[in-house]
Amino acid sequence: MVKLMIDNKAITAKEGESILAAAKSAGIAIPTLCHLEGLNEIGACRVCVVEVKGLDRLVAACNTPVEDGLTILTNSPRVRQARKVNVNLLLSRHDCQCLTCARSGNCALQNLANNLGIVERVYKNETIPADWDASFPLIRDMGKCVQCMRCIQVCDNIQDLHVWDLVNFGSHIDVDVSGNKKIHETDCSLCGQCITHCPVGALTARDDTEKVLDALANPDVITLVQVAPAVRAAWAEALGASREDATPGKMAAALRRIGFDYVFDTDFAADLTIMEEGSEFLERVLHAKEKPRYPMFTSCCPGWVRFIKSQYPDMVDCLSSAKSPQQMFGAVAKSYFAETKNIDPKKLFVVSIMPCVAKKHEAALPTMNSAGAGQDVDIVLTTREFSRLLRSENINIASLKEEVFDDPLGEASGAGIIFGATGGVMEAALRTVYCIITGKKPPSDDAFKGVRGSMHGWKSAAFDVAGTTVKVAVASGLGNTRKLMEAIRAGTAHYDFVEIMACPGGCSGGGGQPIAMGEELAETRGNNLFRLDATAALRYSHENPSVQAVYDKYLEKPLSHKAHHLLHSDHHDWSMPHR
Amino acid sequence: MARLNLFKESAAQAAIDDVMSDIERRLYVSPFGNCHVNLVASILKMCHAQSCGKCVPCRIGLSQLANIIEDILKGKAVSNTLDLLEKTALSIYESADCAIGYEAANTVIKGLRNFRGDYENHVANGKCSPDEGGSVPCVNRCPAHVDIPGYIALVESGRYEDAIRLIRKDNPFPTACGLICEHPCETRCRRNILDIGLNIRGIKRFAADNCRGSVPVPASAPQTGKKVAVIGGGPAGLSAAYFLQLMGHAVTVYEKRKYLGGMLRYGIPSYRLPREELQRDIDAILSTGVAIHPDTDIAGKDSLDGLRKQYDAMFIAVGAHTEKRLGIAGETLRGAMSAVQMLRAIGDGQLPDFKGKRVIVIGGGNVAMDVARSSVRLGAANVSVAYRRRQNDMTALPEEIEGAIAEGCEILALQAPVAIEGDRDDNVTALLTQPQIIGPIEDGRPKPLNADKPQQRIPCDLVILAVGQDIEADSFVPFGVKAKRNIFQTRSDVSIEGMPGVFAGGDCATGPATVIRAIEAGKVAAANIDHYLGFDHKISVDVAIPEPGLTNKKYWGRVNMREKEPSERKDNFNIMEFGMSREEAIQESGRCLRCDRFGYGSFRGGRNAQW
């Protein structure tokens, strides 16, 4: 332990701890911008500078360790001036069009400038004009980048994809796509983690809300909306509602207020996915004559699909051929649902609300039109776009009453809900696979909860199912995924079934989720989903009556010819890099 | 793929390194009179190009500093622009993460402190401060403003006598300066932009060495009837005497010592400046009709007052001939002496016998080297030079230090003298020193500090202190001359406040400096005394300067001076430097870029034909 003075307060701090952390523990807040704990402690923005008595120059609090006997001032006149100058310098290279910025109100630079009382840009505007393909799901605005390097660090160290890098040197340095490539020429997984870790509006997802509003306004169009599992755990964060208040029932009510004709749930399609993927697993692995060399991998995460296609193209055949729940939903909506309701499927406009950026790419893939009525999913909105839509519609969550999702694509089991968290797909699959094999329920509904919560490296488990040992693994985050893949290829790890989610913590930490600056909420949101599962009336996908009805009335059985046509896809139909 | 690879410099890196070293030399020869503010703006751009871009203060701040200065240069500054510049620079200095950023900002801060007037002038008037520079860098850098391109062109054409006449227009010591001038003219030579500055002194020496006989001085102007007394027959006094005599005044030089020449004779050993060479210059000066009173000490109020009454004007140029002491124990022992004492005796032709003696010289300047090398020539068994700082901190010219080492002198660096030890008979037996450690840089020089090491005892027979010279101010203060730390206080026209008609210059008014600065003082004194006496005589010379020929300027090496081998030079006081050959002199002269004729020189004139 070391003793020091911060702002005239005697403080005891841990050896090796940063001044920033020591001050925080003592209740003294030091403003930061580029700092990201454990990931980006590089002192680039020089906003956290503090005065250490006896030193000629200021030091960065984020990466200067405490020393015994230091006397530190976090807000002296010298500090205040340097901090203000540095923020003003940042503003000179920042397109300060806050009124039209997606991050307005949730922008670290805006907060800083406001908090420091900066009412004027004193330096010459040196903003670099944006130069970007606006049709790509991931949008970067050079004019807003503050070069905090967070995107580089996240992509290098968490996702291990190295899409971002510093380009040029000296006076012309910038953060841009690495390797002199255009973004669509890279191996970008579209996980969107760079977006959720960007302190400003330099990285965003393409905004498609106008297209949705147009469809809602068109009397000839029937609008369907599906909401992904993880969205319900985060949809109201940016609107100031508590987690307790922001129930799925209120979310359904809000969607109806916006004007969707049918409010459905992707959780239904998640149950459907379990039916297809679980059956495929039984067929391909457990009942196979020869055990395959590599495990079967889940395919519900489009970020992961982009990753395996670019990084391990030789292993693409190990992916389940099952489409993601989003795409299963779209295909079923424009076929089964249209037929049931006797609607021309071409009139249907399917919107999905996803915690994800890659889903925007997935929905637009040329193969995702199995129902024969255009793209099965017309538009994908992120949770953030959904929040903005709610704000623009002046929807007050507190005044909403609980409502239920529409039938028949609105009914779901708890197994479908937990698709939104790491381990959830595996757990849901194991529940149903166990029942199919043994003909009975597992000893407990939570028998497979051991696969939940894989944040570091990967989690593995082995379960005895009617005398057969099923070995499974779960990983979230692409850096962790790469480690797991390398182990599998090297033969040091053997599994039957592997679940991968590209974003750390799974979809609840997805790149399309609301941005909570300085907080990683994947776990909190995931726990929310597991709570909803625990209290759900149904816990098993195969018990979902609506799912049973689809098979009875339309698809016959899992992996049927029709099911294959609508619910499966050939991963070789397109290749990475892909626009 | 290999895990590690050997570093290999790319051709591109080598090329840019080459450009950098070109720029380094180019920056060094930045002409006088350039706009400082403009230079800082350009330097900032360069610094910004070095930024890695990680941190805000450096990545953005340096560019914004340049923008603000650019506004100032374009006359777009407003009242608080300088405040913004200062505040921004300070914040960058305080908060940048590494030296690339904070030292770049420091460049601006230093400028704001040291030439704020330039900035203010730009802000207030939208213009730069009035130009204080000249168009020809070597002429500008030479304190006497000798027409260097002119005489180089004359040497190239084989007109050596004309070269001497041209030099004498500004400097009556062409021979002495050809041998021992510190040549500040060479430091900013524009040739550095191409390869390396010219060997100007060597070319001058070549001209002096190759004149046919003595070059007659010009005819004096008609007698004015005015009488001027010059006290001190060194380079300052004799220069003033020469020019005043040419202007038609009657000059009398009073010299305390036996011979004229001042420090040229009593400070500089003859192996660098042979007495007969010095005499050539003195003879030419005296040929103008200067009257001399050697061996005459004019000091004290009465004799000065008397002299002032006899003469219409007076120029005091008594130099800095008293020794400085260290104030350590043993300085009065037999065998402890000052450099001034020793060199003075040699100047008067009394060579001391150092045969078999162990000599320690204390000091690190050119005088210390002169004393050490003279000691070698006087037969010392061994000679060491003890210095408080490191060898590269010595103020002596590097070639002087190398020359001393080549002749067998040892450099005892980082040794501070503590005491001189003597025996019962008061004969020196050793020097005690305290080893030093090099310390913080103050006023541009690293300060030595006592190292954590025991004192050393270095046995020796003689200790010679070469730790600086002082001025005999006490003799002149009662007369009315004001002195600060013994340095006579004069105006920039070398007049003395409250003493009309009395002028002072040279070492006595600057502290120990160079010969060429003493000559400058003499020249300035002559002009202003002439003016004081009510005249406006012009000094000029009727020598036509050859036009440069049309040649390609190729990158070309510099002809350096060569010296006799140590074995041939260390046992005698004969001149040790070889002059250039004719081939070398013509080649070296051909390297001159003729700044008198090209660039700004062709616009505003590269030459002052008279003064």
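Predicted model, so just to flag it, every value in this text is computed and none were measured.

When helices and strands are counted, chain A shows 18 helices and 17 strands. Relative to the compact-globule value of 25 Å for 579 residues, chain A shows a C-alpha radius of gyration of 25 Å, a close match. C-alpha atoms of chain A, sized along the principal axes, occupy 80 × 55 × 45 Å. Taken across its 579 residues, chain A has 52% of its residues classed as buried. In chain A, of all internal contacts separated by at least 6 residues, the share reaching a separation of at least 24 is 75%.

This paragraph deals with the overall build of chain B. For chain B, the helix and strand inventory stands at 24 helices and 20 strands. Expressed as lengths along the three principal axes of its C-alpha atoms, the size of chain B is roughly 75 × 65 × 55 Å. Residues classed as buried in chain B amount to 46% of the 611 residues present. Residue pairs at least 24 apart in sequence account for 71% of intrachain contacts in chain B once pairs closer than 6 positions are excluded.

Listed as interface residues are 24 residues of chain B and, on the opposing side, 28 residues of chain A. Contributing elements (two or more residues each) for the side of chain B that touches chain A: helix 2 (36-50), helix 3 (56-59), helix 4 (61-73) and helix 5 (81-95) of chain B. Per-element accounting of the side of chain B that touches chain A gives the leading share, seven residues, to helix 5 of chain B. Considered class by class, the residues forming the side of chain B that touches chain A number eight nonpolar, eleven polar and five charged.

It is worth spelling out helix 16 (residues 522-534) of chain A at this point. All names here are of chain A. With 13 residues, helix 16 should reach 18 Å at 1.5 Å per residue; the first-to-last C-alpha distance of 18 Å fits that figure. Every buried residue belonging to helix 16 is among Ala522, Arg525, Gly526, Asn528, Leu529, Phe530, Leu532 and Asp533, and all of these are buried. Where helix 16 is buried, its residues touch helix 13 (414-417) and helix 14 (424-438).

Moving on, we come to the sheet that holds strand 14 (residues 379-382) of chain A. Residues and elements named next belong to chain A. If you walk across this open sheet you meet the four strands as 11-10-13-14, and the pairing is parallel. Each of the sheet's edge strands pairs with one partner strand only, and the pair in question is strand 11 (262-265) and strand 14. Neighbouring strand axes in the sheet, compared pairwise and without regard to direction, differ in orientation by 25° on average. Where strand 10 (residues 222-227) lies against strand 11, four bridges are found, and the strand directions are parallel. Each residue of the ladder has a partner; that of Val225, found in strand 11, is Val263. Contacts from helix 10 (residues 325-341) reach strand 10 and strand 13 (348-354), with the element oriented near 155° to strand 13. Packing against the sheet, helix 12 (residues 383-392) makes contact with strand 13 and strand 14, and its axis sits at approximately 85° to strand 14.

With that out of the way, let us pick up unusual backbone geometry. Residues and elements named next belong to chain A. For the peptide bond that leads from Asp407 to Pro408, omega is 0°, which places it in the cis range. For Pro408, the position within the fold is in the loop between helix 12 and helix 13. A cis geometry characterises the amide bond from Met576 onward to Pro577, with omega recorded as -10°. Within the secondary structure, Pro577 sits in the segment after helix 18 (561-567). One non-glycine residue, Asn394, lies in positive phi territory at about 55°.

On to the pairing of strand 14 of chain A. All names here are of chain A. Covered by surrounding structure in strand 14 are Ile379 and Leu381 together with Val380 and Thr382, the residues of both alternating faces. Inspection of the sheet shows strand 13 paired to strand 14 by four bridges, in the parallel sense. Within strand 14, the residue paired with Met354 across the bridge is Thr382. A crossover connection joins strand 13 to the parallel strand 14 through helix 11 (residues 358-363); in handedness this β-α-β unit is right-handed.

Let us look at the sheet that holds strand 9 (residues 410-412) of chain B. All names here are of chain B. The strand order 6-14-7-8-9 describes an open sheet built from five strands, whose pairing is parallel. Bordering the open sheet on either side are strand 6 (336-338) and strand 9, each of which pairs with just one other strand. Pairs of neighbouring strands in the sheet enclose a mean axial angle of 25°, with direction left out of account. Note: strand 7 (residues 358-362) against strand 14 (residues 462-465), four bridges, orientation parallel. Paired with Val361 across the bridge in strand 14 is Ile464. Most of the contacts of helix 17 (residues 339-347) go to strand 6, to which it runs at about 75°, and overall it touches strand 6 and strand 14.

Moving on, we come to the packing of helix 9 (residues 148-156) of chain B against helix 23 (residues 582-590) of chain B. Residues and elements named next belong to chain B. Two elements in contact, helix 9 and helix 23, have axes whose closest approach is 9 Å; the angle formed by their N-to-C orientations is 135°. For the element pair helix 9 / helix 23, the angle class is oblique. Relative to helix 23, helix 9 is oriented so that their crossing is left-handed. Listed contacts from helix 23 to Ile152, Val155 and Glu156 of helix 9 are Ala585, Ile586, Ser589 and Gly590. Partitioned by chemical class, the residues of the contact of helix 9 with helix 23 number four nonpolar, two polar and one charged.

For the rest of this paragraph, the subject is the domain arrangement of chain A. Residues and elements named next belong to chain A. The assigned domain composition of chain A is domain 1 (2-90), domain 2 (124-204) and domain 3 (207-579). Taking the mean C-alpha position of each, domain 2 and domain 3 sit 28 Å from one another. Facing 20 residues of domain 2, the contacting portion of domain 3 comprises 26 residues. Contributing elements (two or more residues each) for the side of domain 2 that touches domain 3: helix 4 (150-158) and helix 5 (193-196). The element best represented in the side of domain 2 that touches domain 3 is helix 5, accounting for three residues. For the side of domain 2 that touches domain 3, a count of residues per class yields nine nonpolar, eight polar and three charged.

Here we come to the environment of Arg57 of chain A. Mapping Arg57 of chain A onto the fold places it in the loop between strand 3 (49-52) and strand 4 (59-60). Among the residues examined, Arg57 of chain A registers 15 C-beta atoms within 10 Å and is labelled partly exposed. Look past the residues within four positions of Arg57 of chain A in its chain and what remains in contact with it is Tyr93, Glu94 and Tyr102 of chain B.

What follows concerns the domain arrangement of chain B. All names here are of chain B. Per the domain assignment, the segments making up chain B are domain 1 (34-125), domain 2 (137-216 + 541-604), domain 3 (227-321 + 471-532) and domain 4 (324-469). Counting residues at the interface gives six residues for domain 2, matched by six residues for domain 4. For the side of domain 2 that touches domain 4, the per-class residue count stands at two nonpolar, one polar and three charged.

On to the environment of Leu378 of chain B. Relative to the assigned elements, Leu378 of chain B resides in the loop between helix 18 (366-377) and strand 8 (382-386). Between the C-alpha atoms of Leu378 of chain B and Pro352 of chain B, which are 26 residues apart in sequence, the distance is 7.0 Å.

So, on to the confidence of the model for chain B. Low-pLDDT portions of the prediction should not be read for the details of their coordinates. Residues of chain B with pLDDT of at least 70 account for 99%, and the chain-wide mean is 94. Interface scoring of the predicted complex returns ipTM 0.89; its pTM is 0.88.

A separate point is helix 10 (residues 160-168) of chain B. All names here are of chain B. Within helix 10, eight of the nine residues are buried, which leaves the element mostly enclosed by the surrounding structure. Restricting attention to buried positions, one finds in helix 10 the residues Tyr160, Asp162, Ala163, Ile164, Arg165, Leu166, Ile167 and Arg168. The elements touched by buried residues of helix 10 are helix 9, helix 11 (174-180) and helix 12 (200-209).

A word on the environment of Gly479 of chain A. Residue and element names in this part refer to chain A. One can find Gly479 in helix 15 (residues 478-490). Judged by the 18 C-beta atoms lying within 10 Å of it, Gly479 falls in the partly exposed class. On a C-alpha basis, the gap between Gly479 and Asn157 in space is 6.9 Å, while along the polypeptide they are 322 residues apart. Apart from the residues lying within four places of it in its own chain, the contact partners of Gly479 are Asn157, Ile158, Gln159 and Asp160.

Analysis parameters
- Residues numbered from 1 in each chain as written.
- Chains lettered and ligands numbered in written order.
- Predicted model: local features only at pLDDT ≥ 70, side-chain atom pairs only at ≥ 80, totals over all residues.
- Helix = DSSP H or I, 4+ residues; strand = E, 2+ residues; numbered from the N terminus.
- Rg over C-alpha atoms; globule rule 2.2 N^0.38 Å.
- Buried ≥ 20, exposed ≤ 12 C-beta atoms within 10 Å, placed from the backbone.
- Contact = placed C-beta atoms within 7 Å.
- Nonpolar A, V, L, I, M, F, W, Y, C, P; charged D, E, K, R; others polar.
- Expected span 1.5 Å × (residues − 1).
- Pairing = 2+ DSSP bridges.
- Axes fitted to C-alpha atoms, helices over the stretch in contact; angles between N-to-C directions.
- Right-handed = clockwise from strand over helix to strand, strands pointing away.
- Parallel < 35°, antiparallel > 145°, perpendicular 65-115°, else oblique.
- Left-handed = near helix turned anticlockwise from the far one by under 90°.
- Domains from an automatic or database assignment.
- pLDDT = per-residue confidence, 0-100.

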